[in-house]
Structures are given as C-alpha cells and as structure tokens.
Amino acid sequence: MRSYPGLLLACAAMIAGFVQPARAQAPASPGTYVVTYFEVAPNTARKTAALLRQFAAATRKEDGNTELTALHEIGRPVRFAIVEAWRDKAAHDAHGAAMKALGDKLQSSFASPFDARTFLTMAVAAPAEGADLSDAVYVLTHVDVFPAGKDDVAAMIKQLADDSRKDGGYQRFDAVIQDEHPNHFHLIEAWSDRKSREAHALTDHTKAFRAKLVPFEGALYDERLYEVVKKSE
C-alpha cells in the first residue's frame with residue numbers, strides 16, 4: 001500500500017512531461033488588425049482631425065491596444081483611415097463601444113460612413129530602427145485576388161515584405177489577411193518620404209511582384225497614400 005503514492009507521483013510526472021511540451025508549442029494569438037476608411041464634408045475636416053487625435057490618444061491607453069494610427073489621404077484631406085492593432089479579438093471587441101461613440105460624433109460630418117475591415121497578422125515586423133512614423137508617407141493597399149490563387153499570392157506578398165524592408169527609406173512594411181476572406185490582403189507601408197516610396201515602387205522586386213500578381217487579381221490594385229493626422233491641422 002505504501003508504494004501507491006510513489007507510483008501515483010511517478011505517473012503524474014510522466015503525464016506532466018507529455019502535457020507541458022504541447023502547451024509550450026501552442027501558437028500565440030495572431031493578433032487583430034482593423035483598418036477603417038471614411039470620408040467627411042470639406043468644411044468638417046479640421047474638426048474631424050481634432051476628434052481623431054483625441055480618440056487616438058485615448059485608445060492607446062486601452063488594455064490590449066498595440067496601435068492606433070489616424071491618417072488622412074495625401075491630396076484628399078477629407079478622406080481618413082484609422083489603423084488599429086489589438087492583442088486579440090476580445091480586446092478589439094471591448095473597444096467597440098468607443099468606436100461607435102466616435103461614429104456618432106462624426107455622423108453629421110460623414111460624406112461616407114465607417115467602412116471597417118478586420119484582419120489577422122500575416123507578415124508583420126517591427127518598424128525600422130529609429131523610424132519616425134509621425135512624418136512618414138503611409139501607403140495602404142488592398143489586394144483582392146481570386147480564391148484559387150490565395151496561397152500563391154500570400155507567399156508572393158510575404159516575399160515582397162521581406163524584400164521591401166531592405167529598401168532605402170523603409171520605415172514599416174506589414175501585410176495582413178482579411179478575417180473570413182483569405183483571398184483579401186492589406187499592405188500597410190510607411191516610408192521616410194515620397195522620394196523613397198517612389199524608388200521602392202520601381203525596384204526590381206516590386207515590379208516583379210506587380211507583374212506576377214496581375215493574373216491573380218480579382219479587382220484593381222487599390223493603393224492610396226496617406227500621412228499622419230497632426231496637431232497643426
């Protein structure tokens with residue numbers, strides 16, 4: 001009878017030995033990205049920018065938030081985009097009331113209401129060392145391909161991201177994949193200035209990517225340039 005406790009302890013140790021590695025190998029949460037587009041009336045652009053600055057500052061303090069970047073389109077300051085990143089879906093869901101409240105405040109200004117797309121991480125990396133994203137030229141690109149080619153395109157985009165992070169003026173290059181629509185991708189880029197962004201667009205690896213992508217495209221390549229909403233606006 002005295003041997004039973006020892007036997008039970010030995011069995012427990014063996015079970016723990018099998019269970020712990022499985023837990024250690026469990027994949028981490030992929031994270032949640034959300035990109036929201038909207039447009040306002042010209043005479044409300046400044047008011048909208050002010051609201052977005054306040055919203056961004058408050059959101060960055062929320063539990064689970066890892067990014068809130070408020071942008072407006074270069075040359076079309078009435079068009080805005082909000083780039084959010086969250087630790088997981090639960091953290092993003094908890095933020096829903098705050099996003100609704102922002103939409104309510106902007107309701108009378110809208111020319112086009114919030115169009116929000118939710119994404120999962122695909123190829124995300126830390127910004128370049130010393131990057132000043134507040135002055136960067138941002139590029140947001142929606143890539144829509146036929147479902148049959150989604151895996152080929154995903155590999156192509158990952159390679160593009162790796163290559164682009166070596167280009168001059170690189171500040172940030174992330175690729176995410178739309179939740180529930182795995183044939184829809186978003187590229188989130190930031191470059192030190194327009195010149196470096198244009199140079200990147202003409203590199204051999206970017207031109208090769210664009211040429212290879214064409215047969216897969218289900219819609220036009222939608223690429224737009226933005227800058228961060230600043231206090232001076």
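The written sequence of each chain sets the order in which its residues are numbered from 1. Totals for whole chains, interfaces and linings use all residues, but because this is a predicted model, local features are given only for residues with pLDDT of at least 70 and pairs of side-chain atoms are given and counted only at 80 or more. Hydrogens and water are ignored here; the side-chain numbers use all heavy atoms of the structure.

Participant: Quick question: what am I supposed to make of unusual backbone geometry here?
Facilitator: With the exception of glycine, the majority of residues adopt a negative phi angle, and the majority of peptide bonds are in the trans configuration. A positive phi angle, close to 70 degrees, is found at glutamate 180, a residue other than glycine. Strands here mean DSSP runs of E at least two residues long; helices mean DSSP runs of H or I at least four residues long; both are numbered from the N terminus. If you trace the backbone, glutamate 180 turns up in the loop between strand S6 (170-178) and strand S7 (184-191).

Participant: Sorry if this is basic, but what is going on with the environment of threonine 36 here?
Facilitator: Mapping threonine 36 onto the fold places it in strand S1 (residues 32-40). Looking at threonine 36, the relative accessible area reads 1%, which means it is buried. A C-alpha to C-alpha distance of 8.7 Å links threonine 36 and threonine 118, two positions 82 residues apart in sequence. Filtering out sequence-adjacent residues up to four positions away, threonine 36 remains in contact with Phe80, Ala81, Ile82, Glu84, Met99, Phe114, Asp115 and Ala116. Buried means the residue's accessible area, taken with a 1.4 Å probe over protein chains only, is under 20% of the maximum for its type, while exposed means over 50%, and partly exposed covers the values in between. Any pair of residues with heavy atoms lying within 4.5 Å of one another is described as a contacting pair.

Participant: Would you mind going over the sheet that holds strand S5 (residues 137-144) with me for this structure?
Facilitator: As a general point, the strands of a sheet are linked pairwise by backbone hydrogen bonds and lie either parallel or antiparallel. If you walk around this closed barrel you meet the eight strands as S1-S3-S2-S8-S5-S7-S6-S4, and the pairing is antiparallel. Strand-to-strand twist of the sheet, defined as the mean angle between neighbouring strand axes without regard to direction, takes the value 35 degrees. DSSP-based pairing: two strands are paired if at least 2 bridges between them are found. By the bridge criterion, three bridges tie strand S2 (residues 65-73) to strand S8 (residues 222-228) in an arrangement that is antiparallel. By the bridge assignment for S8, leucine 71 is matched with valine 228. Lying on the sheet, helix H4 (residues 96-106) is in contact with S1, strand S3 (76-86) and strand S4 (110-123); it crosses S4 at an angle near 155 degrees. Fitted lines through C-alpha atoms serve as axes, helices being fitted only where they are in contact, and the angles separating the N-to-C directions of these axes extend from 0 to 180 degrees.

Participant: Mind showing me how you'd approach the environment of arginine 194 here?
Facilitator: Mapped onto the elements of the fold, arginine 194 is located in helix H6 (residues 194-201). Separated by 58 residues in sequence, arginine 194 and alanine 136 have C-alpha atoms that sit 8.7 Å apart. Sequence-distant contacts of arginine 194, defined by excluding residues within four places in its chain, comprise Ile74, Val137 and Leu225.

Participant: Would you explain the nonpolar core in this entry?
Facilitator: Residues belong to a common nonpolar core when they are buried Ala, Val, Leu, Ile, Met, Phe, Trp, Tyr or Cys residues joined through side-chain atoms within 4.5 Å. Counting 24 residues, the largest nonpolar core has Ile157, Phe185, Leu187 and Leu213 as the members making the most contacts within it. Secondary structure elements with two or more residues in this core: S4, S5, helix H5 (150-164), S6, S7 and helix H7 (204-213). With six residues, H5 is the largest single contributor of residues to this core. Apart from the residues lying within four places of it in its own chain, the contact partners of leucine 187 are Val139, Leu140, Thr141, Val143, Ile157, Leu160, Phe173, Asp174, Ala175 and Tyr221. Counting 18 residues, the second-largest nonpolar core is a separate cluster that includes Ala45, Ala49, Leu52 and Leu102.

Participant: Can you walk me through the pairing of S3 in this structure?
Facilitator: As a general feature of sheets, a regular strand has side chains that alternate between the two faces. Within S3, eight of the 11 residues are buried, which leaves the element mostly enclosed by the surrounding structure. Two elements, S1 and S3, share eight bridges in a ladder whose sense is antiparallel. In the strand pairing of S3, valine 35 is matched with valine 83. Pairing analysis gives eight bridges linking S2 to S3, with the strands arranged antiparallel. Along S3, the bridge assignment pairs leucine 71 with alanine 81.

Participant: Sorry, what's going on with the packing of aromatic side chains here?
Facilitator: The description of two aromatic rings rests on the distance between their centres and on the angle between their planes. Between 30 and 60 degrees the pair is tilted, below 30 it is stacked and above 60 it is edge-to-face, where a pair is any two Phe, Tyr or Trp rings, Trp via its six-membered ring, whose centres lie within 6.5 Å. In this structure the tally under the stated criterion is five aromatic pairs. Ring plane angle 70 degrees and centroid distance 5.3 Å describe the contact between phenylalanine 110 and phenylalanine 114, whose orientation is recorded as edge-to-face. Measuring from ring centre to ring centre gives 6.4 Å for tyrosine 170 and tryptophan 191, while their planes differ by 75 degrees; the resulting arrangement is edge-to-face. Here the residue tyrosine 170 occupies a position in strand S6, and tryptophan 191 occupies one in strand S7, the gap between them amounting to 21 residues. It is arginine 210 that lies over the ring of tyrosine 221; its NZ or CZ is 3.7 Å from the centre. Here arginine 224 stacks its cationic end above the ring of tyrosine 37, 6.0 Å away from the centre of that ring. Lysine and arginine charges are scored as sitting over a ring when NZ or CZ, respectively, is within 6 Å of the ring centre and within 35 degrees of the ring normal.

Participant: It is not clear to me how the side chain of glutamate 84 should be interpreted in this structure. Could you clarify?
Facilitator: Mapped onto the elements, glutamate 84 comes out in strand S3. The sign given to each residue is positive for Lys and Arg and negative for Asp and Glu; His and the chain ends receive no count. Salt bridges, as used here, are contacts in which a Lys or Arg side-chain nitrogen is within 4 Å of a carboxyl oxygen on Asp or Glu. It is arginine 60 that comes nearest to the buried, bridge-free glutamate 84 among opposite-charge side chains, at 11 Å. By the criterion applied in these results, polar contacts are pairs of N or O atoms within 3.5 Å in which, for protein atoms, one can donate a hydrogen and the other can accept it, and in which residues neighboring in sequence qualify only through two side-chain atoms. In this structure the side chain of glutamate 84 is engaged in a polar contact, spanning 3.5 Å, whose partner is the side chain of histidine 95. Residues in contact with glutamate 84, not counting those within four places in the same chain, are Thr32, Tyr33, Val34, Thr36, Glu67, Leu68, His92, His95 and Met99.

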